[in-house]
Amino acid sequence: MFQAILIEKSEDQYRAALKEINDDHLPDGDVTVRVAYSTLNYKDALAITGKSPVIRRFPMIPGIDLAGAVEASNHPSFQTGDPVLLNGWGVGESHEGGLAQKARVKGDWLIPIPAPFSPRQAMAIGTAGGTAGYTAMLCVLTLERGGITPTQGEILVTGATGGVGSIAVALLTKLGYRVVAISGKREAEPYLKTLGAVEVLERSDFDKPGNPLGKARWAGAIDVVGGQVLANVCATTQYGGVVAACGLAGGMAFPATVAPFILRGVTLAGVDSVMCPRATRLEAWTRLARDLDIAKLDALTQEIGLSETTQW
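Below you will find a few notes about this structure.

Reading guide: rules and limits
- Residues numbered from 1 in each chain as written.
- Predicted model: local features only at pLDDT ≥ 70, side-chain atom pairs only at ≥ 80, totals over all residues.
- Heavy atoms only, no water.
- Pairing = 2+ DSSP bridges.
- Helix = DSSP H or I, 4+ residues; strand = E, 2+ residues; numbered from the N terminus.
- Buried < 20%, exposed > 50% of the residue type's maximum accessible area, 1.4 Å probe, protein only.
- Core = buried A, V, L, I, M, F, W, Y, C linked by side-chain atoms within 4.5 Å.
- Contact = heavy atoms within 4.5 Å.
- Phe/Tyr/Trp six-rings, centres within 6.5 Å; stacked < 30°, edge-to-face > 60°.

Let's talk about the pairing of strand S1 (residues 2-9)
As paired strands, S1 and strand S2 (residues 14-21) are joined by 8 bridges and run antiparallel to one another. When the bridges of S2 are listed, Ala4 appears paired with Lys19. Between S1 and S2, which follow one another and run antiparallel, lie 4 residues.

Structure (structure tokens):
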């Protein structure tokens, strides 16, 4: 038996609660993990509250990521006791997730926790909410692959007080980029500057319809907002710039024109953390171990108990 958050649904009730669950409830998989930590992501919040159809089948243990130690393995890459982490792959949506003391998954989904990270630190870095360093690093890799270097100009980060944005600011700063942050929270400016932002702009400057092309300023951008903000970011990106888009906090729509792409050669690159190939995942986590200032994680992290995850 182990404890887990279990979401159940009937015709007249949707309920998420902490329960004692038998190991037989765990799905097929060649590695069983004793879970030490999971992050409480945006998707998890939607799943637990039932405000969006994140869960594909019921009952379901939510939690789109996890970190811990291998308890049992039939996979050639993992042995009992190995520290491992998992992000995405439908875990917590169509496959039992990480908000539990135990998980059984495919070994091909797992990544060894790179030194010097502990399981707690790996989840403090997180996936797509909270402190979402994995997704942020995927965005940084996208800019680098597009040829964007620190000498080319400023990098804009939208939604900078969120998980992806915060880590993106810290990573880019350490890599030598000059980072400008966008936030809807005026009071967050001191916090963003401690992470390395040289300037903080108001979100209201970007969330209204603008010109098809604006004054070119950004060599690149990381956007977690989408919607009108993303359209205006693209319209003000320099010739040959790259915009890495990974979120939709501002909506699914993209009210833009083709002007930035055909007149300035701007690249709009989508970044997905869920089904990202294993080789890219390994590269992202290796780079996080090298490029992320672990000391900054404490300022971005709050730890709660498993039973508290349903208290919305």
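Quick look at the pairing of strand S5 (residues 83-87)
Along a regular strand, successive side chains alternate from one face of the sheet to the other. Across the 5 residues that make up S5, a large majority, 4, are buried. Relative to S5, strand S4 (residues 65-73) is paired through 5 bridges, and the arrangement is antiparallel. Each bridged residue has a counterpart across the sheet, and for Gly68 the counterpart in S5 is Val84. The sheet contact formed by S5 and strand S7 (residues 111-112) spans 2 bridges and is antiparallel. If you follow Val84 over to S7, its bridge partner there is Pro112.

A closer look at the nonpolar core
Side chains that are nonpolar tend, in soluble globular proteins, to be buried together. Counting 64 residues, the largest nonpolar core has Leu156, Leu172 and Trp285 as its most contacted members. For this core, the leading source of residues is helix H3 (residues 133-145), giving 8 residues. Aside from chain neighbours lying at most four places away, what touches Trp285 is Leu85, Asn87, Ile111, Pro114, Phe117, Ala122, Ile125 and Tyr134.

Some details on the packing of aromatic side chains
Inspection of the entire model under this criterion finds 4 aromatic pairs. Plain terms: the ring middles of Trp89 and Trp109 are 6.4 Å apart, the flat faces sit at 10° to each other, and that makes the pair stacked. With Trp89 in the loop between S5 and strand S6 (102-105) and Trp109 in the loop between S6 and S7, this pair connects stretches of sequence that are 20 residues apart. Each ring, one from Phe117 and one from Trp285, has its centre 6.4 Å from the other, and the planes form 80°; the classification is edge-to-face. One end of the pair, Phe117, is in the loop between S7 and helix H2 (119-125); the other, Trp285, is in helix H8 (residues 278-291), and 168 residues separate them in sequence. For the pair Phe117 and Trp285, one class covers both residues: buried. Taken together, Phe117, Tyr134 and Trp285 form an aromatic cluster joined through their ring pairs.

Observations concerning the sheet that holds S6
Spatially, 5 strands are ordered S6-S3-S4-S5-S7 in an open sheet, and the strand pairing comes out antiparallel. What marks the edges here is a single partner per strand, and that holds for S6 and S7.

Read these as geometric descriptors, not functional statements.
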